[in-house]
Each structure stands twice: as structure tokens, then as C-alpha cells.
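Working through the structure, step by step
Here are the chains, one letter per residue:
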Amino acid sequence: MNRITGRTGAESLIEMSPTGSLADDSNGYHIHPSSGRGSSQLDQPGINKQQQSKDSVFFRDGVRRIDFILSYVDDKDGERKQERRREFEENLQRAGLELETEDKSESDDGKTFFLKIHAPWEVLATYADVLKIKVPFKANDIPNNTEIPMNWLSTPFRLPSHVMQPEPDYFTAPFDKSKADFFLIDDKETFFPPSTRNRIVFYILARCPYTTEDKEKKGIKRLLNNGTYSSAFPLHDCRYWTRSRDADCESERYNLYNHWARFLCFFKEQPLNLIRKYYGEKIGIYFAWLGFYTEMLFFAAVVGLICFLYGLLTYDENEWSKEICSEDIGGHIIMCPLCDKKCGYWKLNSTCSSSWQSHMFDNVGTVFFAIFMGIWVTLFLEFWKRRQARLEYEWDLVDFEEEQQQLQLRPEYETKCTNRRLNRITQEMEPYLPITSKCARTCLSGATVLFWISLIIACIIGVIAYRLAVYAAFASIMKDSPTNNLQVVGSLITPQLATSVTASCINFVIIMVLNLMYERVAIWITDMEIPKTHLEYENKLTMKMFLFQFVNYYSSCFYVAFFKGKFVGYPGDYVYMFGEWSKLRNEECDPGGCLIELTTQLVIVMTGKQVWGNIQEALVPWLMNWWGSRKARNHPESLYSRWEQDHDLQSFGQLGLFYEYLEMVVQFGFITLFVASFPLAPLLALINNIIEVRVDAWKFTTQFRRPVAAKAHSIGAWQEILNGIAILSVVTNAFIVAFTSDMIPRLVYMYAYQPDGEVTMRGYINNSLSFFSISQMQEANRPEEGENPLWFNSSFTTCRYRDYRYPPGHEKQYSHTMQFWHILAAKLAFIIIMEHVVFLVKYFVAWMIPDVPSEVKARIKRERFLVQEYLHNYEVEKLKVQLGDSSHRDCTCTPMIYPSLPAHEVLSECL
């Protein structure tokens, strides 16, 4: 290998091919020989940076495409790093890659070197064979007869056909290097798209050793971690706001920005095929799922809005709220204190406003919507399976080789596992992790996860203790507060509302802080487990993160829905959180029910998370890019090269897509697990997702470096998580309707306990409140002097509380009445009936809807048949050629079907 210096002295090390010469070095740049298109340019002298298009994605010869960029900075103490880079780059060249270095004097900061990497045809063909990459061998001859009824209605939402379908439709088969002439190869330089090229190069980079002494030290990830290289990324093909000046550049980034990433395109369909072609299948399938989820949310949002409007339209028919607000009924009902010492007696009509608010969400429409969402989530998951099956076929993922794609050993696993054993299938020695080490790591990982979940639960208990402690303070402070005199909002500002809102906000802050801490812990313990494959790594991390997020985000909602107001006792025997010594009496529900508080909790946590998430996703990368490129903005435009522009962008990271999925799945949990308490949740999610699609698109297109393309035939472990949430949502919504809302007690009263025998709610409030003798109030529970309102005097002998117990003086005083047990039986019966009905409908719908459309099945069978037929004909023709040659000359060797190629030392993992 020849190595020369550019500019002055040893400022630049330009990598040369093994057969290179020192010709065409007039500007200090070496032009590598190439047999591709535009060979006439090779006779020209080297191209100065000032003469090159700043959007060029080619080597200086203008012929060989840049498939990957590595950047590094020469440190003062960088001799060891220099040696690593030298060994690494030599090994890359031995693997067949071609390199070219940009000197630091040419960079905008004056200290960064850029190493450009090109994969020639021989390397691409070799690794396409190894990775079983599917390529076209025949144009698709199956007519597309799928006609959508009323198709003209979708015209405003469509994109141009060249954007939606950037490639013709072909039948494909896994590439075989020995049968290259079997495939439709018009031009070797453009046969493999840039996304496939950068995936192949990254595969080599991830497994290439960088020392001669220790072959286990290998991979670009380790070199990035130890600072040998500062970044590694494939190039965008142009600036996003204008097309490339180079006619050989596809300018797909510009098309994506123009037709997808701009917010004004929010009503347009997504160009999924172009997204897949540019970013790879893994990112493409995420946006396909996000778009489909958003489409399905539209139907849930419409039904939820109708249920909410039903609550508004039946506002005046709310008989129990009228009784609460009535001066003759609610104004004469004296309620027992809601806390010890600091809370006085109060009149029921003081909760008039919250009772009216509760009706908007706690009505007959709630039951209907809970059942509807149980069916909707099934339809969503089943129709997604069909959509996913169609994408698998269209994107050549049907025969997705997991053993060779997703189940390839992680370089970290190969490096850390020094023990070797024979693989019974491949009959090759492979690294493995001893069972003792694996068990120890798993136990430590499980203990860490349990510790963090316990920490979350402890924080939630702390928030509950805060609610119990400050309620008394708010009740005392707000008794004579000036806010009570405010018009309109004065009656809404109550101790219950103040406690609920402040506790929800504190809970949200705790959630965000714990998120930041746990993310690093989850990655650390997953790395410590040393997962064998990329798929196993992602699944382990996914389960850990979601389990944590599930407890973190939903635990406070579970408390309000299923625990608050359920274990409070009664005035003579209150229940305390940590025993009577704690003085923290368990919270009671408002006479209007706990549902409105669950709604408040859900709105604050869900909306706060979505707003904060969108601001963080859009603003943080933009600010960091603006700050990082501040020096480059002072340079002339002609000096700011394509690789420098991309270098100043943010790195997407290996787990970038993981966080996008996590955000959406957590939202999915909010709109399914607790949707019975807030029918407008799907509408808020729909609005958020319309913004989310465009924010993510804008972020990918403008703020991040181009990610390395990766294959994925599904959304992975998230599919099972969604299925689990769907099943759990049926249970939680049934319990919310039964135990959190007042739907069942009202129905039992109306049909069984209405004193006049009418089917009305008249008298329900009086029936739902029990009596307690004030004289029997324990000293620890009595209000302090001055805490009672002015209207309260000794003439009041009883107070009321929310329960079904016998009155004082009865032989069974303060024990539960028969109505309590009837209501409990009705609640349990409702849960059983609702769950069985919804689950039966769910399973029936899942059985009725096939996972793979019949049209896709036919196309898959047709493609497999054609592959076999064409391969058979190909082998027959090859045999004829061989027999014809052998009859004309004495030669016993097998003719070469593939033209002779220069020999390259290929990485051992690929042989």
C-alpha cells in the first residue's frame, strides 16, 4: 500500500488502493483508479475543494460515491490513537474498501480530519451475498386490481406518484454473487441504493479489527467510545431546502423535506416507499406504524367527542347535581369534616361545580365508550397486522433471514465472551457466555430493576402522603381566601382541586426526573447482561424501559382510580395511611365521585408529557445544531462541504427509534387503560400525533445525520406490549366504570331503591349519604376551635358522609346496609359481563380478520414460483453453455459465470 501526504509535510494521509500509483497528484490529492462511469474524468487533475460542489457526495474524482464518513481530531497525546487508526484503515483496505482523507486545514474548524469511504462493486456484491440482500430479477407482472371505493375523495391527500413510488415494482430474490447475471443489473454504480451501501459498509466497520496483537479488539463502536474517531455516519445526498447541483445525486432528502417534513403537509399521506429507500426499512416501518396509529385514532377521537358532547347536551338532565346545588337539599345537608383538626363541617352544595363537571365524563356514554375502545384497540392491532404484512411483501421482507440479519452476533458479545464452543448447526467455533456468568448478570439486572421500581412506588407513596398532609393546610388556608369571592372561578378553587393539581404537577416532575436517571441505568444493566444478538439487546432494553415507564407514568392514575376513597372507614373509625400515629387520614372522594380527579390527573400527566416531549424533540436538536455550526456560518458557502454540514448535525444514535416507540406506546396506554374517565383523550392524542409525525419527519430530515439503514420486518417487541396493554385496558376500564364512577350505584338506586317506584334519580343524593352522630365524634377527629364555619352551631346533631351504613341508634349502627352489598354485587357482575362481552367480540374480530391479505398471499406465492422457475431455467442455460464449450475445446474447468474480480481479503465473519 502506497501512502502519500497532501498539502505540506504530513498534514494529510491519503489512503490508496493496493494497485495505486502516484499519478495525478498535482494538487496533493491522489485520484484512485476506477472502472465505473465517467472514467474520462480520471485524466483530469485533482479537484480543489473550492471547485467542487459543496453538496458533492463523491470522491475528488467525481466518480466513486462516498458511502461513509469517519471524522477524527489529532490530539497532542494521540500517538496510540494514530496507531489504531492506521491499523484500522489498513484492515479496511484489505477488506476491499477505498479510502480518501480530507486534511484538517480544509475543515471549517481547522482541526477535524474526514475519512471518506467507498465500497466498490466487488465488496458490495460479496456482502450482499453474505447478508442475503434481496435485489430485482424480473418486473412484477401481477396486475394491481385493488380499487378503493370513492377513491376520488382521497385526491387532496395524495402526493405525486414519483414521490410515493420512487422505484418500479419488481420480483426480488436474495443476491447470489455467483449468479450475478441472473439479476437485473443495468449499472453497477447505482444497482445498490445508498441506504444498502451504507448498511454494508457499517457491517464491515463494526467487525473490522484495529490491532494486530489482539484480534478481539475490533469495531468502529469501540473506536468511537475510546475517542480514536469522533463520529461515523453516512451522508445525506443534498441540502434539505434545495436540490443538489450534482446531476448524479438523487436529491431524495429534498423531496422528503418538501413533501413530508413540512408542517403544511400534515394532511398529506406519507411517502413511505421513499422513506424506506432513504432511511431503511426499520425507520420506514416506524413511520408506517405511527401514520396508521394516527389514522385509527381519528375514529376513536370522533366517538370520544360524541360521548363528551352527549355529556354536555344532557347537562340539564343531571338530577343528582341539581339536588346537590339546590339550597333546599344540598344547602341543608351538613357533611362531616374531610380531615382531622383543620377541616370543619361543610354544606353539600359547596361541591356544586365539581358535580356538574363530573357529569360531563361520568354518564351513560362512559360505558358505551369503554366498550367501544375495547373493540377499537382490537381492530387497530388486527388491521395493523394486515398493513404490516403488505409492507413486508412490498419491501422484500417476506423471507426475512433473521439468522443472518437480526440474529447476527453483536460485536460487543464477540469481544467480551472469550470462551468458545462448537455450534452444532454451523459446526463452527463461536463465542458464548458461561451459564454461571449469565445467571449472575441476570440476577443483578433483575435486582436493579426491582430496586428502581420500588423507588418509583416510594415516590408515589410520597406524593400520596403529600396529598394527605397538604389537604388539611389548603382547607384551613382557603376557608377565608379572597379567591372565594372571584366571579366564575371562585367556586371552582377548592381544597380538593388545589391538592389534586399540585400533587399531579409534583408527580409529573418526579416522573421526568426519574426518567432521565433510569434511561442510563437501563442501558447500563442491558450492556452488563451482554445480549448475544441485536434483536435480543433491543428486546431486553425494551422490556426494562417499558416496565419502568409503566410504573412511572401509570401508578398515580391507578391510585386515584382504584385506591383513593375506597379505604377511608367512617367518622367513628377512620383509616390512616401509616397507622393513627401518622395523622395522615386516607382521602375521601368528592360526593360527585373520584372520576373527575382521575380525569384531572390524566389530563395533566398525558398533556404535560406530550407538550414537553414535542418541545424537547424539536427545540433541543435545533439549538444544539445552531450552536455547533456557529463557526461554519462565517465561512463562504463554497467551503462548507457535504460531510462538514452533516458532521455539524446531531447523531441519531442506535436507540433513537427506541425512544420514539416508547413515547407513542406510553401514550397508547393512556388512551386505552384510563379512557373511560376521559373520552377526549383520543382527540388529544390525535392532535399530538399529527404534530408528532411532522416533528419527527422534520427532525430526521433537517436536524440529524443520516442514520445507518437497518432492516426490520415488524415493530418488534412493541407488538407484544401493545397486545398486553389492549387486554389490560378491558379490565381497567371495566373496574373504572364499576368502582371509580357512580354509574352502578345510580342504576341500582334507580331500578331497585327509588322510593316512589319511578325510574328517576330523584332522591339519589340523600340515599347515597349515611348519618353520623356528631356527639360520637372522637376528639382526634373534631375540628379545632375556629375551624367550623359561622353558620355551624350546636343545633346540628348529625353529619353526613359518603357510604351505605346504618344510622346511629340502629341495632347494626355504622355497619354496611344491604344496599351496599347489592351495589357491590352489581359492580362485580358488570365487570364480569363487560369483560366477557368485550373479549368475545375481540377474539371474534381477530378470528374474522386474517393477518395477511389474500392478495398479498397470492403475490408471495407467485414470486416464490418465479424464483424457482427462473433459477431452474438459468441453471439449464448455464449447463448448455458449459456443454457447448466442452465440445469445442479440451477444458475440464467450470466456466466462470461471473467476471474475474480483483482478489480482496474479506473479513472472516463474512466467509
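What you see is a predicted model, and the numbers here were worked out from it, not measured in a lab.

1. Points about the nonpolar core
If you look at the biggest cluster of nonpolar residues, it comprises 142 residues, and the most contacted ones within it are Trp-289, Tyr-293, Trp-376, Phe-380, Phe-670 and Trp-718. The greatest single-element share of this core, amounting to 16 residues, is contributed by helix H9 (residues 281–313). For Phe-380, the contacting residues outside a window of four places in its chain are Trp-289, Phe-292, Tyr-293, Met-296 and Phe-668.

2. Let's talk about the packing of helix H19 (residues 656–673) against helix H20 (residues 681–703)
At a minimum axis distance of 10 Å, the contact between H19 and H20 shows a crossing angle of 170 degrees. Considered as vectors, H19 and H20 are oriented roughly antiparallel to each other. Taking contact as the criterion, the partners of Leu-657, Glu-660, Glu-663, Met-664, Gln-667 and Ile-671 in H19 are, on H20, Ala-681, Pro-682, Ala-685, Asn-688, Asn-689, Glu-692, Asp-696, Lys-699 and Phe-700. Looking at the contact of H19 with H20, its residues break down into seven nonpolar, three polar and five charged.

3. Structural notes on a nonpolar patch on the surface
On the surface, Val-611, Ile-615, Leu-619, Trp-622, Leu-623, Trp-626 and Trp-627 cluster together into a nonpolar patch covering about 720 Å² of accessible area. On the secondary structure map, Leu-623 appears in helix H17 (residues 595–628).

4. Describing the side chain of Ser-773
The residue Ser-773 is located in strand E15 (residues 769–773) in this model. Since its relative accessible area comes to 12%, Ser-773 is described here as buried. A distance of 2.8 Å separates a polar atom in the side chain of Ser-773 from a polar atom in the side chain of Ser-775. Aside from chain neighbours lying at most four places away, what touches Ser-773 is Thr-797, Thr-798, Pro-808 and Tyr-814.

5. A look at the packing of aromatic side chains
According to the stated counting rule, one finds 70 aromatic pairs in the structure shown. Between the aromatic rings of Phe-451 and Trp-452, the centroid separation amounts to 6.3 Å while the plane-to-plane angle is 90 degrees, which identifies the pairing as edge-to-face. Note on Phe-451: relative accessible area 53%, which makes it exposed. Directly above the aromatic system of Tyr-574 lies the positively charged group of Arg-585, at a separation of 3.5 Å from the ring centroid. For the cation-ring pair, Arg-800 lies above Phe-771, with the distance from its terminal atom to the ring centre recorded as 3.8 Å.

6. Digging into the pairing of strand E4 (residues 98–102)
Here E4 lies mainly inside the structure; five of its five residues are buried. In this structure, E4 lies alongside strand E5 (residues 112–118), joined through five bridges in antiparallel fashion. Each residue of the ladder has a partner; that of Glu-100, found in E5, is Lys-116.

7. Some words on the sheet that holds strand E8 (residues 231–233)
Spatially, four strands are ordered E4-E5-E3-E8 in an open sheet, and the strand pairing comes out antiparallel. A strand with exactly one partner marks an edge of an open sheet, and here the two such strands are E4 and E8. Recorded for the sheet is a direction-independent mean angle of 20 degrees between the axes of neighbouring strands. Each of strand E3 (68–73), E4 and E5 is contacted by helix H1 (residues 79–94), which is oriented at about 165 degrees to E3, the strand it contacts most.

8. Some points on the pattern of salt bridges
If you walk through the whole model with that rule in mind, you get 42 salt bridges. The salt bridge partner of Arg-94 is Glu-90, with a shortest N-O separation of 3.9 Å. Here Arg-94 pairs with Glu-90, and both are found in helix H1, just four residues apart, close to one helical turn. Looking at Arg-94, the relative accessible area reads 38%, which means it is partly exposed. The exposure class of Glu-90 is buried, given its relative accessible area of 15%. A cluster of three or more residues bridged by salt bridges with shared partners is formed by Glu-83, Arg-86, Glu-87, Glu-90 and Arg-94.

9. Notes on the state of the cysteines
With the rule as written, the count across this model stands at three disulfides. Linked covalently through their sulfurs, Cys-336 and Cys-799 form a disulfide whose S-S length is 1.9 Å. Because the sign of the S-S torsion sets the handedness, a value of about 85 degrees for the bond joining Cys-336 and Cys-799 places this disulfide among the right-handed ones. Here the residue Cys-336 occupies a position in the loop between strand E9 (334–335) and strand E10 (346–347), and Cys-799 occupies one in strand E16 (residues 798–802), the gap between them amounting to 463 residues. The residues Cys-336 and Cys-799 share a single accessibility class, namely buried. Covalent S-S linkage joins Cys-339 and Cys-343, the inter-sulfur distance amounting to 1.6 Å. With the S-S dihedral at roughly 95 degrees, the linkage between Cys-339 and Cys-343 falls on the right-handed side.

10. Let's talk about unusual backbone geometry
A positive phi angle is found at Lys-132, which is not glycine, with a value near 55 degrees. Among the structural elements, Lys-132 can be located in the loop between helix H2 (121–130) and strand E6 (134–139). According to the relative accessible area criterion, Lys-132 is partly exposed, its value standing at 31%. The phi dihedral of Asp-396 falls on the positive side, at around 60 degrees, and the residue is not glycine. Its place among the elements puts Asp-396 in the loop between helix H12 (364–394) and helix H13 (411–416).

11. Some thoughts on a positive patch on the surface
A contiguous patch of positive charge, built from Arg-80, Lys-217, Arg-222 and Lys-416, is present on the exposed surface. On the secondary structure map, Lys-217 appears in the loop between helix H5 (194–205) and helix H6 (220–225). Its relative accessible area of 30% is what places Lys-217 among the partly exposed residues.

12. What about helix H22 (residues 743–753)?
Inspection of H22 places Met-743, Ile-744, Pro-745, Arg-746, Val-748, Tyr-749 and Met-750 among the buried residues, and these make up the whole buried set. Packing partners of the buried residues in H22 comprise helix H10 (319–325), H12, helix H21 (717–740), helix H23 (764–768) and helix H24 (818–848).

13. Remarks on the confidence of the model for the protein
The predicted model of the protein averages 81 in pLDDT, with 84% of residues at 70 or higher. Scored below 50 in pLDDT, residues 483–492 makes ten contacts in the model with residues more than four places away or belonging to other chains.

14. Brief notes about the environment of Pro-789
Along the chain, Pro-789 falls in the loop between E15 and E16. In the structure, Pro-789 is positioned 445 residues away from Gly-344 in sequence and 6.8 Å away in space, judged by C-alpha atoms.

Quick notes on the rules
Residues numbered from 1 in each chain as written. Predicted model: local features only at pLDDT ≥ 70, side-chain atom pairs only at ≥ 80, totals over all residues. Heavy atoms only, no water. Core = buried A, V, L, I, M, F, W, Y, C linked by side-chain atoms within 4.5 Å. Buried < 20%, exposed > 50% of the residue type's maximum accessible area, 1.4 Å probe, protein only. Helix = DSSP H or I, 4+ residues; strand = E, 2+ residues; numbered from the N terminus. Contact = heavy atoms within 4.5 Å. Axes fitted to C-alpha atoms, helices over the stretch in contact; angles between N-to-C directions. Parallel < 35°, antiparallel > 145°, perpendicular 65-115°, else oblique. Nonpolar A, V, L, I, M, F, W, Y, C, P; charged D, E, K, R; others polar. Patch = residues over 30% accessible without salt bridge, like charges linked within 9 Å, V, L, I, M, F, W, Y side chains within 5 Å. Areas by Shrake-Rupley, 256 points an atom, 1.4 Å probe, with all protein chains shown as cover. Salt bridge = Lys/Arg side-chain N within 4 Å of Asp/Glu carboxyl O. Polar contact = N/O pair within 3.5 Å; in protein donor to acceptor, adjacent residues only side chain to side chain. Phe/Tyr/Trp six-rings, centres within 6.5 Å; stacked < 30°, edge-to-face > 60°. Lys NZ or Arg CZ within 6 Å of the ring centre and 35° of its normal. Pairing = 2+ DSSP bridges. Disulfide = S-S within 2.5 Å. Lys, Arg positive; Asp, Glu negative; His and termini not counted. Charge placed at Lys NZ, Arg CZ, Asp CG, Glu CD. pLDDT = per-residue confidence, 0-100.

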